[in-house]
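Structural features, examined
Spelled out, the chains give:
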Amino acid sequence: MAKAKTDDAADAEQGAAAGAAAPVESVDSTLGYEQARDELIEVVRSLEAGGTTLEESLALWERGEALAKVCRRWLDGARARLDAALAESPEGPEAGRA
């Protein structure tokens with residue numbers, strides 16, 4: 001059992017030394033839309049460029065998924081605000097549509 005712990009520690013150190021992407025849990029929920037989007041773009045560029053190990057690619061993919069969720073929450077919130085503003089408009093949501 002001590003061997004397994006040592007192997008896990010070595011794997012963690014190797015991943016950190018290789019510049020593996022941050023774990024999914026570390027995506028800051030207070031990250032702004034533009035920040036999350038820009039980081040997501042960099043993740044995609046890294047994945048498209050290749051040259052990473054399978055482990056690094058998986059970590060990048062997971063990071064990208066988490067960043068995409070942050071972006072989606074921001075966009076959903078913006079849509080809800082727009083819908084609410086349109087619903088409160090005197091002309092209603094159909095005004096301005098021809």
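Just so you know, these numbers come straight off a predicted model, no measurement behind them.

Cut-offs applied
- Residues numbered from 1 in each chain as written.
- Predicted model: local features only at pLDDT ≥ 70, side-chain atom pairs only at ≥ 80, totals over all residues.
- Heavy atoms only, no water.
- Axes fitted to C-alpha atoms, helices over the stretch in contact; angles between N-to-C directions.
- Helix = DSSP H or I, 4+ residues; strand = E, 2+ residues; numbered from the N terminus.
- Parallel < 35°, antiparallel > 145°, perpendicular 65-115°, else oblique.
- Left-handed = near helix turned anticlockwise from the far one by under 90°.
- Contact = heavy atoms within 4.5 Å.
- Nonpolar A, V, L, I, M, F, W, Y, C, P; charged D, E, K, R; others polar.
- Expected span 1.5 Å × (residues − 1).
- Buried < 20%, exposed > 50% of the residue type's maximum accessible area, 1.4 Å probe, protein only.

**Examining the packing of helix α2 (residues 33-49) against helix α3 (residues 54-88)**
- Put simply, α2 and α3 touch, their axes get as near as 9 Å, and they point 150 degrees apart. As the angle between them shows, α2 and α3 are arranged roughly antiparallel. Crossing of α2 over α3 shows left-handed handedness. Every residue of α3 that contacts α2 at Tyr33, Ala36, Arg37, Glu39, Leu40, Val43, Ser46 and Leu47 is listed here: Ser57, Leu60, Trp61, Arg63, Gly64, Leu67, Ala68, Val70, Cys71, Trp74 and Leu75.
- Looking at side-chain class alone, the contact of α2 with α3 contains 13 nonpolar, three polar and three charged residues.

**Looking at α3**
- Taking 1.5 Å of rise per residue, the 35 residues of α3 would be expected to cover 51 Å, and the 51 Å separating its terminal C-alpha atoms lies within 8% of that figure.
- Turning to α3, its buried residues are Glu56, Ala59, Leu60, Arg63, Gly64, Ala66, Leu67, Val70 and Cys71.
- Looking at the packing, one finds that the buried side of α3 touches α2.

**Re α2**
- With 17 residues, α2 should reach 24 Å at 1.5 Å per residue; the first-to-last C-alpha distance of 24 Å fits that figure.
- Just downstream of α2, Gly50 is the residue with a positive phi angle, here 75 degrees.

Honestly, it's all geometry; don't read function into it.
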